[in-house]
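Residue-level structure breakdown
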Amino acid sequence: MQIRLENLTKKFGHTVAVNNFSATLPDGSLICLLGPSGCGKSTLLNMLCGITDVTEGHIYFDDKEVTKLPADRRDIGMVFQNYALYPHMTVCDNICFPLEVQKVPRKERLERAERIANLVHVDALMKRYPGELSGGQQQRVAIARALVKNPKLLLMDEPLSNLDARLRLEMREEIRRIQQETGVTTVFVTHDQEEAMSISDSIILMKEGLFVQGGLSQELYDNPNCRFAADFLGNPPVNVFEDAAWAGFEQNKVLYVRPEAFMLADDYEAEVLRISLLGKERIVYVRLGGMDGVRVILPSDVELSLGQKIGLGFRKKGVFVFDKTTGLRLN
């Protein structure tokens, strides 16, 4: 199901949580709403599911307007940050519950629950209670409960934030697998840019309730349209030279260079301050352009020592120039 959002605005009193937001979410894809805390992404998700009413604008599911349609008539599944499983019910009963509410016959409920439990790999846990499950298992059950209704849209609000680092990685892969196997259009909210880039078909970046930039994950990383996008996407973070005169740029321009965009060359002299190993690569922290702590990724086989002077240049990819006043991309 394709989702179309037209000029959506949500106000809470004098606070504008979502501001004139428009976007199209392709059918069958996994789209991440990405941005810092308080940017309006969860509010936008709640408007999609009907929990929060719309102040202005329109929401369309395919060609049907659902802006004022109650949540229970939108054919959606929702996975929350805190799982929201019923502790007194078994895994099987938790998964079956939405179908019970819809008065689906018991035999069909159990058959559908068994199928979806197999899909999310909790079929061996059907007789257990939530308190007997790990965080990752509880999240799988929550996903199964959302999918058992065969929704046309699956909404996930920071679903991995309560898991430890290793489980987050595992569940990213599982959510991606499940989404691809079911083909259900999925909107995934996160503030973690690495999570968004690893799991999604496309990303919508938000700031202060506004649509900043949308597109394929790699597109946003390779071609940020503004300083905020370049700052937010990237780990290690991009290097920011507010004064780029040393590199031949005018004073009203800001130079951004991703750590991997440096190469050994004779263009600019840098001094090695610190070295951090990252397997086959390493981050070298240098003094460059009057700034300490510039992050440079170099191969680990290059001989370096602290205090050493090295020559650096720029690759074509990963170097951006922005207008200092507007913050917009210039090159």
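Below you will find a few notes about this structure. Just so we're clear, the structure is a prediction, and the values are computed from it rather than from any experiment. (Residues numbered from 1 in each chain as written. Predicted model: local features only at pLDDT ≥ 70, side-chain atom pairs only at ≥ 80, totals over all residues. Heavy atoms only, no water.)

Here the focus is the overall build of the chain. Per the secondary structure count, the chain includes 8 helices and 17 strands. For the chain, the spread of C-alpha atoms along the principal axes amounts to about 75 × 45 × 30 Å. Taking contacts inside the chain between residues at least 6 apart in sequence as the whole, the part at least 24 apart equals 64%. Carbon and sulfur atoms make up 48% of the accessible area of the chain, which totals about 16,000 Å². (Helix = DSSP H or I, 4+ residues; strand = E, 2+ residues; numbered from the N terminus. Contact = heavy atoms within 4.5 Å. Areas by Shrake-Rupley, 256 points an atom, 1.4 Å probe, with all protein chains shown as cover.)

Moving on, we come to the packing of helix α2 (residues 91–101) against helix α3 (residues 106–119). In the contact formed by α2 and α3, the axes pass within 9 Å of each other and the chain directions differ by 125°. By the angle between their axes, α2 is oblique relative to α3. Of the two elements, α2 crosses α3, and the hand of that crossing is right-handed. Residues Cys-92, Ile-95, Cys-96, Leu-99 and Glu-100 of α2 lie in contact with α3, whose contacting residues are Arg-109, Leu-110, Arg-112, Ala-113, Ile-116 and Ala-117. Of the residues belonging to the contact of α2 with α3, the class tally is 8 nonpolar, no polar and 3 charged. (Axes fitted to C-alpha atoms, helices over the stretch in contact; angles between N-to-C directions. Parallel < 35°, antiparallel > 145°, perpendicular 65-115°, else oblique. Left-handed = near helix turned anticlockwise from the far one by under 90°. Nonpolar A, V, L, I, M, F, W, Y, C, P; charged D, E, K, R; others polar.)

Take the packing of aromatic side chains next. Counting across every chain of the model gives 10 aromatic pairs. Centre to centre, the rings of Phe-241 and Trp-246 are 5.0 Å apart; their planes meet at 65°, and the pair counts as edge-to-face. Residue classification places Phe-241 among the buried residues on the basis of a relative accessible area of 1%. Among the aromatic side chains, those forming a connected cluster through ring pairs are Phe-241, Trp-246, Phe-262, Tyr-268 and Phe-314. Geometry around Phe-12 places Lys-10 over its ring, the cationic atom sitting 5.0 Å from the centre. Arg-258 extends its terminal NZ or CZ atom over the ring of Tyr-221, reaching a point 3.9 Å from the ring centre. (Phe/Tyr/Trp six-rings, centres within 6.5 Å; stacked < 30°, edge-to-face > 60°. Buried < 20%, exposed > 50% of the residue type's maximum accessible area, 1.4 Å probe, protein only. Lys NZ or Arg CZ within 6 Å of the ring centre and 35° of its normal.)

Within the secondary structure, Glu-170 sits in helix α5 (residues 165–182). On the basis of relative accessibility, which here comes to 35%, the residue Glu-170 falls in the partly exposed class. Remark: the alpha-carbon pair of Glu-170 and Glu-195, spanning 25 residues in sequence, is separated by 11 Å.

The residue after Asn-235, namely Pro-236, is reached through a cis peptide bond having omega 5°. Considering the arrangement of structural elements, one finds Pro-236 in the loop between α8 (227–232) and β11 (239–241). For Asp-62, which is not glycine, the phi torsion reads 55° and is therefore positive. As for its position among the elements, Asp-62 is in the loop between β4 (56–61) and β5 (64–65). On the accessibility criterion, Asp-62 (37% relative accessible area) is partly exposed. The phi torsion at His-121 lies on the positive side, around 65°, for a residue other than glycine. Among the structural elements, His-121 can be located in the loop between α3 and α4 (135–147). Classification of His-121 as partly exposed rests on a relative accessible area of 46%.

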